[in-house]
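Each chain, letter by letter, is given below.
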Amino acid sequence: MKSYKSKVDWWLVLLVAGIFGYPIMDGILTHDYFLSVLFSVILLVFFLLSKTVTYKIEGENLIIWHTKIEISTIRKIYRTNNPLSSPALSLDRIAVVYNKFDEILISPKERNELINELLKINPSIEVKD
């Protein structure tokens, strides 16, 4: 089994830190500790969830969270900056097209390594840059 972590955009870290950091600091300064604790817990949950965004190759399958894709069904991989909701923490993404009409967006840190591993299993995948 090979595992690849998601790339994380710096601006996303700043955005999340700003959105949740402000109420935390405001709660401390105004002595509203419930607000600080609440937003600290939300920030912690976001951080823990971001650590779980990995892409795994197990045998003949690509596993993305709870989605299992047979690598033999992958038809095409191409680069995209599509901002649609997906298991990706960066806008520097690749789209994985599989089955007849299915597509998922991911943002592996080691993009080329992941693509090469997929090509070893299914050399007929069309790769567009």
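Just above, that's the structure.
This is a predicted model, so every value here is computed, not measured.

Got a sec to walk through the environment of L43? Specific residues and values, please.
The residue L43 is located in helix α2 (residues 33–51) in this model. For L43, a relative accessible area of 27% gives the class partly exposed. In this structure the C-alpha to C-alpha distance between L43 and I121, which are 78 residues apart in sequence, comes to 38 Å. Excluding residues that lie within four positions of it along the chain, L43 makes contacts with V16, F20 and I24.

Which residues make up the layout of surface pockets, and what are the values?
Roughly 330 Å³ of volume is contained in the largest pocket. Forming the walls of the largest pocket are 15 residues, and the residues nearest its centre are V8, F47, S50, K51 and L89. For the lining of the largest pocket, the secondary-structure elements that each account for two or more residues are α1 (10–29) and α2. No other element matches the five residues that α2 contributes to the lining of the largest pocket. For the lining of the largest pocket, the per-class residue count stands at 10 nonpolar, two polar and three charged.

How would you sum up the sheet that holds strand β7 (residues 102–106)? Please name residues and give values.
The strand order β7-β6-β5-β8 describes an open sheet built from four strands, whose pairing is mixed. Only two strands of the sheet have a single neighbouring strand rather than two, namely β7 and β8 (126–128). Ignoring strand direction, the axes of neighbouring strands in this sheet form an average angle of 15°. Note that strand β5 (residues 74–80) and β8 share three bridges and pair parallel.

What counts and what doesn't
Residues numbered from 1 in each chain as written. Predicted model: local features only at pLDDT ≥ 70, side-chain atom pairs only at ≥ 80, totals over all residues. Heavy atoms only, no water. Helix = DSSP H or I, 4+ residues; strand = E, 2+ residues; numbered from the N terminus. Buried < 20%, exposed > 50% of the residue type's maximum accessible area, 1.4 Å probe, protein only. Contact = heavy atoms within 4.5 Å. 1 Å grid on protein atoms, 1.4 Å probe; cavity = no way out; pocket = protein on both sides within 12 Å on 5 of 7 lines; lining within 4 Å. Points joined across faces, edges and corners; volume = space filled by probe spheres on them. Nonpolar A, V, L, I, M, F, W, Y, C, P; charged D, E, K, R; others polar. Pairing = 2+ DSSP bridges. Axes fitted to C-alpha atoms, helices over the stretch in contact; angles between N-to-C directions.

In short, geometric facts, not functional conclusions.
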